[in-house]
Amino acid sequence: MQVFSVSKKKALSLLALIIIIVAAALFYISHRITDHSGVLWKFVSQQCVPDMEQHQRPNPCEKVDLSAGYVLFKDRVGPLQYLLMPVQRITGIESPLLQQPTTPNFFLLAWQQRHLLSEKHQAAIPDSQLAMTINSVSGRTQNQMHIHLSCLRSDIAHQINQPSQNFSDHWQTLSLRSHPYLIRTLSPTQLAEESVFIRVAREIPGAENNMGDYGLALTTLQNGKLVLLAVKKDLLKANTGSAEELQDHSCKILAKPSGT
């Protein structure tokens, strides 16, 4: 009995040590992520905006529009990816500021700046090969709101343009990359008149008080119709609510078919 008791104490001590080590490792990782979560805001607040205000240069951003309230930043990931960010401090999709009608319509602004990708590519890119996305709180690493302007994944473009798909201005369910999305069409007028953040909060049941759980995407079908997509996180199913998963920053969709 004494041997068993000693062995049990050693096992419990070892287990406690393992728990302490794992907890310390998780704390370290979390701390490291937190340390880097303000990088984009530093670019905006300490470099891009001050340089524009003082020297009329947007460096290191591509563009700073103080009157419209946004900057455009060329992301280092991918040949064509840009980020559109507010000049003010807005952490992300969960911010109550995005539910205020007076806040700039950032998805509209991003859509209006999609020409930058064609200019960078030095050739016109069809709208149906582009997408604008924002991730949920769980699906992002930065705490300054940013919309990804990039290429749409070719398999996603193929799936949403199947003849069997009959999207309308009512939300429908659609499985993309094994995650359940909601999708609806959107007219250019609807995109301009109301922020997609306000629309999603108003139209999707339960979204208003849980906007931080959602990732959003905007693209067009090959017939020219705009479509808005929303995905809600479900961590138990390895779904972080990252709508960015619909994009391909390497832009393989732009590759010419063999023999052309």
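None of these values were measured; they are calculated from a predicted model.

Draft legend 1. Focus on the packing of aromatic side chains. Per the stated rule, a full pass over the model turns up two aromatic pairs. The interplanar angle of 65° and the centroid separation of 5.6 Å between the aromatic rings of F107 and F197 together place this pair among those described as edge-to-face. Placement of the pair is F107 in helix α3 (residues 106-112) and F197 in helix α7 (residues 196-203), with a sequence separation of 90 residues. Taken as a pair, F107 and F197 share a single burial class, namely buried.

Draft legend 2. Up close: the pairing of strand β9 (residues 226-232). Counting buried positions along β9 gives six out of seven residues, so the element sits mostly inside the fold. Where strand β7 (residues 179-186) and β9 come together, six bridges link them in antiparallel fashion. Paired with T185 across the two strands is V227, which belongs to β9. Pairing of strand β8 (residues 214-220) with β9 involves seven bridges; the strand directions are antiparallel. Each bridged residue has a counterpart across the sheet, and for Y214 the counterpart in β9 is K232. Counting the residues between successive antiparallel strands, the hairpin from β8 to β9 contains five residues, one of them, G224, with a positive phi of roughly 95°.

Draft legend 3. A look at the pattern of salt bridges. One pass over the full model with this rule turns up ten salt bridges. Notably, a salt bridge pairs E94 with R140, separated by 2.9 Å at the nearest N-O pair. Residue E94 is located in the loop between β3 (82-86) and α3, and its partner R140 is located in the loop between β4 (130-134) and β5 (147-151); the two are separated by 46 residues in the primary sequence. Relative accessible area serves as the criterion here: at 29%, E94 is assigned to the partly exposed category. Take R140: its relative accessible area is 15%, and that puts it in the buried class. Residue R114 is joined to D127 by a salt bridge in which the shortest nitrogen-to-oxygen separation is 2.8 Å. Taken together, the residues R114 in the loop between α3 and α4 (115-121) and D127 in the loop between α4 and β4 connect sequence positions 13 residues apart.

Draft legend 4. Layout of the environment of I156. Considering the arrangement of structural elements, one finds I156 in helix α5 (residues 154-160). With a relative accessible area of 2%, I156 lands in the buried category. Spatially, the C-alpha atoms of I156 and R177 are 8.2 Å apart, while their sequence positions differ by 21 residues. The contact partners of I156, leaving out residues within four places of it in the chain, are L176, R177 and L246.

Conventions used here
- Residues numbered from 1 in each chain as written.
- Predicted model: local features only at pLDDT ≥ 70, side-chain atom pairs only at ≥ 80, totals over all residues.
- Heavy atoms only, no water.
- Phe/Tyr/Trp six-rings, centres within 6.5 Å; stacked < 30°, edge-to-face > 60°.
- Helix = DSSP H or I, 4+ residues; strand = E, 2+ residues; numbered from the N terminus.
- Buried < 20%, exposed > 50% of the residue type's maximum accessible area, 1.4 Å probe, protein only.
- Pairing = 2+ DSSP bridges.
- Salt bridge = Lys/Arg side-chain N within 4 Å of Asp/Glu carboxyl O.
- Contact = heavy atoms within 4.5 Å.

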